[in-house]
Amino acid sequence: MDKQQHHQLSLAKSSRQRCNEWIFRDVKSDITIEVNGGTFALHKFPLVSRSGRIRKLVAEHRDSDISRVELLNLPGGAETFELAAKFCYGINFEITSSNVAQLCCVSDYLEMTEEFSKDNLGSRAEEYLESIVCKNLEMCVEVLQQCENLLPLADELKIVSRCIDAIASKACAEQIASSFSRLEYSSSGRLHMNRQAKCDGDWWIEDLSVIRIDLYQRVMTAMKCRGVRPESIGASLVNYAQKELTKKSSLWNPSGHTKIDLLSTDHERIVVETIVSLLPVEKLAVPITFLFGLLRSAVMLDCSIACRLDLERRIGSQLDIATLDDLLIPSFRHAGDTLFDVDTVQRILVNFSQQDDSEDDMDDASVFESDSPHSPSQGALFKVSKLVDNYLAEIAPDANLKLAKFMAIAETLPTHARTIHDGLYRAIDIYLKAHQGLPDADKKKLCKLIDFQKLSQEAGAHAAQNERLPLQSIVQVLYFEQLRLRNALCCSYADDDRKPVNHQSWRISSSALSAAMSPKDNYASLRRENRELKLELARMRMRLNDLEKEHVCMKRDMAKSSSRKFMSSFTKKIGGLSLFGHSSSRGSSSPSRQSYRTDSKVIERTCASTD
């Protein structure tokens, strides 16, 4: 506060010295104006001819012949009053974006309007603001910076709102123009957007980073209403946060023993909460690494619960693209707690699981009939399961990590999320090694998380010889290894009995696939198999109908041919009898054998027609 008073006194002294250079030296001053510690020896006539406020003060004290006036809380201070006094004296000066906001406010304070003089200071400043400043984005930003010390008067005069609307309109218009410049025709003649081309419509991002956080919030809100792209909003938020939250090294280096400035901490807390409230609802509008950075800052700065829960929900909705470094959030609590913030990660995983379940509930039957083997949510589950297993292995060596918290993280994901339990087994083995005093009951409870049937051959061999595991778990590992060995031996005899082995291998692979699938994907697979079985049954019915028709035709042909063959065979037998009672059997044929040949030909023809 002392530095601020010293600065104001120095400004008042310099303004008083400059004032002596341009006032009338040959005419003695008859009124003294005091503004924020500064003293101006001036003349009543030029002031009362332009300023309604000074005219009223002089008129009220006409009998006492007032010679000294103190203007309290004059916006802009002594420097701005000096410009207003110059205007009253008819001395020219340039109105710029750095002083137009002060001139608008001081003209309202001094009532320098058209009512008291034509082309007064108020109308001049308003004209410059409308015709020059609101046409240029950089000037609007500069005016907003000047308005930071002129509130709430600058807001009442709508200086802030006009500049914000101008910035939002300008940014939206330039973004639309930039989008049109990226349109091009493809080889097929269709018009599309070239996403690889550099977008030049977001150059304003750097300019807005100098505005105070409350005004910046209003600018971003106006841009959202105007339809600025979420990616541009997100890029601006990232740029602003990087500039505001990295000013103090204590925020990003909590291990340092530097004294924390409570005022700067409050400012940074407000910045984090405001940026979180401005985040676009669209996914991937900001990098997930940035969301984790905001979450670390929110935990460290003790931001509101709503702020942290919002970040956790956003991160949970896109956790499948996160990395292990993102999840390793340091714990900023007392020294006896865990090294990493396990509770926050657990809430993020719960958000991910609930979001996945809600998507499953919204799916209808058409989704289950998809030909794809896995849905996108199932792929996200696989990625997150690997991420969780790596996270468990990273936090397992912590001696202060309680078993309940470790198991809570491992049990958050559904059972079908892990196709292979190698990562989970590795994390549990590290935890058992770091917590050797764990009771046998807790070891059994922990090892129940592992499905030993889903261990790879290498992991199973390691688990079979792992002395840290309970005896019951080792027995399970040996049992499943024996089953695996038996299946391998059965497959080795595939040449001797190919069909049963292939059928058995198909059953094993089918069961393994069903275990790896989520209930939704497993249901879709059963639906596809059911459709295939129905088609096969329909084909068999059609083939059976054809066989029945052929059978009817065959019986009719056999009935006709049997009568003719009987008469011919009878005449042949009579003619073949010799006088001496000897028959010639070489040239004759048996009726039963002849009919058998005829029937076999008919059956072969029938089978050929059905095939």
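These figures come from a predicted structure and were not determined experimentally.

Overview of the overall build of the chain
In terms of helices and strands, the chain carries 28 helices and five strands. Within the chain, residue pairs in contact and separated by at least 24 positions form 70% of the contacts whose partners lie at least 6 positions apart. For the chain, the exposed surface amounts to about 36,100 Å²; the carbon and sulfur share of it is 54%.

A few points about the nonpolar core
Ranked by internal contacts, the top residues of the largest apolar core, which has 140 residues, are Ile33, Phe81, Leu208, Met220, Met223 and Leu319. Each of domain 1 (11–135) and domain 2 (378–490) gives at least three residues to this core. Sequence-distant contacts of Phe81, that is, excluding residues within four places in its chain, are made with Ile33, Val35, Phe40, Leu42, Leu71, Leu74 and Leu110.

Considering helix H7 (residues 137–147)
When we look at burial in H7, the residues that qualify are Leu137, Cys140, Val141, Val143, Leu144 and Cys147. Seen along its axis, H7 keeps its buried residues to an arc of 160°; they face one direction. Structurally, the start of H7 carries an N-cap: the backbone nitrogen of Glu138 is 3.0 Å from a side-chain oxygen of Asn136.

With respect to the pairing of strand S3 (residues 68–71)
Side chains of S3 alternate between two faces, with Val69 and Leu71 buried and Arg68 and Glu70 left unburied. Across four bridges, the pairing between strand S1 (residues 31–35) and S3 is parallel. In the strand pairing of S3, Val35 is matched with Leu71.

A word on the confidence of the model for the chain
Per-residue confidence for the chain gives a mean pLDDT of 77, with 70% of residues at or over 70. Mean pLDDT values over the elements of the chain span from 38, in helix H19 (residues 365–368), up to 96, in helix H5 (residues 100–109). Segment residues 1–5 is flagged for pLDDT under 50; beyond a separation of four residues in sequence, or across chains, it makes zero contacts in the model. Residue range residues 357–376 is modelled with pLDDT below 50. Its contacts to residues more than four positions away, or to other chains, number 19 contacts.

A few points about the sheet that holds S1
Strand order in the open sheet made by the three strands is S2-S1-S3, with mixed pairing throughout. Edge strands, defined here as strands with exactly one partner in the open sheet, are strand S2 (38–42) and S3. Strand-to-strand, the axes of this sheet are offset by a mean angle of 20°, without reference to chain direction. In the packing of helix H4 (residues 77–88) onto the sheet, the strands contacted are S1, S2 and S3, and the crossing angle to S2 comes to about 15°.

Quick notes on the packing of aromatic side chains
Between two aromatic rings, the relevant description is the distance of the centres plus the angle of the planes. On inspection of all chains with the given rule, the structure shows four aromatic pairs. Ring centres of Tyr216 and Tyr240 lie 4.1 Å apart, and the angle between their planes is 10°; on these two criteria the pair is classed as stacked. On the criterion of sequence distance, the pair formed by Tyr216 in helix H11 (residues 213–226) and Tyr240 in helix H12 (residues 230–245) is long-range, its members being 24 residues apart. Take Tyr216: its relative accessible area is 0%, and that puts it in the buried class.

Overview of the environment of Leu71
One can find Leu71 in strand S3. The buried category is assigned to Leu71, whose relative accessible area is 3%. Measuring from C-alpha to C-alpha, the distance between Leu71 and Glu34 comes to 6.1 Å, with 37 residues separating the pair along the chain. Among residues more than four places away in sequence, those in contact with Leu71 are Ile33, Glu34, Val35, Asn36, Arg53, Leu57, Phe81, Tyr109 and Leu110.

Quick word on the side chain of Thr274
With respect to the secondary-structure elements, Thr274 resides in helix H14 (residues 262–278). The residues touching Thr274, leaving out its near neighbours within four places in the chain, are Ile213 and Gln217.

Here's the deal with the packing of H5 against H7
Remark: H5 packs on H7, axes separated minimally by 8 Å, with the N-to-C direction vectors making an angle of 50°. With respect to their mutual orientation, H5 and H7 come out oblique. Along the contact surface, H5 presents Val100, Ala101 and Gln102, while H7 presents Val143, Gln146 and Cys147. Classifying every residue of the contact of H5 with H7 by side-chain character gives four nonpolar, two polar and no charged.

Description of the pairing of S1
For S1, a buried count of four out of five residues is recorded, marking the element as mostly surrounded by other parts of the structure. The pairing of S1 with S2 spans five bridges and is classified as antiparallel. Bridged to Glu34 within S2 is Thr39. Linking S1 back to S2 in an antiparallel pair, the connection comprises two residues, with Asn36 at a positive phi of about 50°.

Overview of H4
Compared with the 16 Å implied by 1.5 Å per residue over 12 residues, the 17 Å span of H4 between its first and last C-alpha is a close match. Among the 12 residues of H4, 10 are classified as buried, and the element is accordingly described as predominantly covered. Looking at H4, one finds that the buried residues are Gly77, Ala78, Thr80, Phe81, Glu82, Leu83, Ala84, Ala85, Phe87 and Cys88. Gly90 occupies a position one or two residues after H4 and carries a positive phi of about 80°.

Considerations on the side chain of Asp326
With respect to the element layout, Asp326 can be found in helix H17 (residues 324–327). Buried charged residue Asp326 carries no salt bridge. Nearest counter-charge: Arg296, at 5.2 Å. When sequence neighbours within four positions are dropped, the list of residues in contact with Asp326 reads Ile288, Thr289, Phe292 and Arg296.

Quick notes on the rules
Residues numbered from 1 in each chain as written. Predicted model: local features only at pLDDT ≥ 70, side-chain atom pairs only at ≥ 80, totals over all residues. Heavy atoms only, no water. Helix = DSSP H or I, 4+ residues; strand = E, 2+ residues; numbered from the N terminus. Contact = heavy atoms within 4.5 Å. Areas by Shrake-Rupley, 256 points an atom, 1.4 Å probe, with all protein chains shown as cover. Core = buried A, V, L, I, M, F, W, Y, C linked by side-chain atoms within 4.5 Å. Buried < 20%, exposed > 50% of the residue type's maximum accessible area, 1.4 Å probe, protein only. Domains from an automatic or database assignment. Arc of directions from axis to C-beta. Polar contact = N/O pair within 3.5 Å; in protein donor to acceptor, adjacent residues only side chain to side chain. Pairing = 2+ DSSP bridges. pLDDT = per-residue confidence, 0-100. Axes fitted to C-alpha atoms, helices over the stretch in contact; angles between N-to-C directions. Phe/Tyr/Trp six-rings, centres within 6.5 Å; stacked < 30°, edge-to-face > 60°. Parallel < 35°, antiparallel > 145°, perpendicular 65-115°, else oblique. Nonpolar A, V, L, I, M, F, W, Y, C, P; charged D, E, K, R; others polar. Expected span 1.5 Å × (residues − 1). Lys, Arg positive; Asp, Glu negative; His and termini not counted. Salt bridge = Lys/Arg side-chain N within 4 Å of Asp/Glu carboxyl O.

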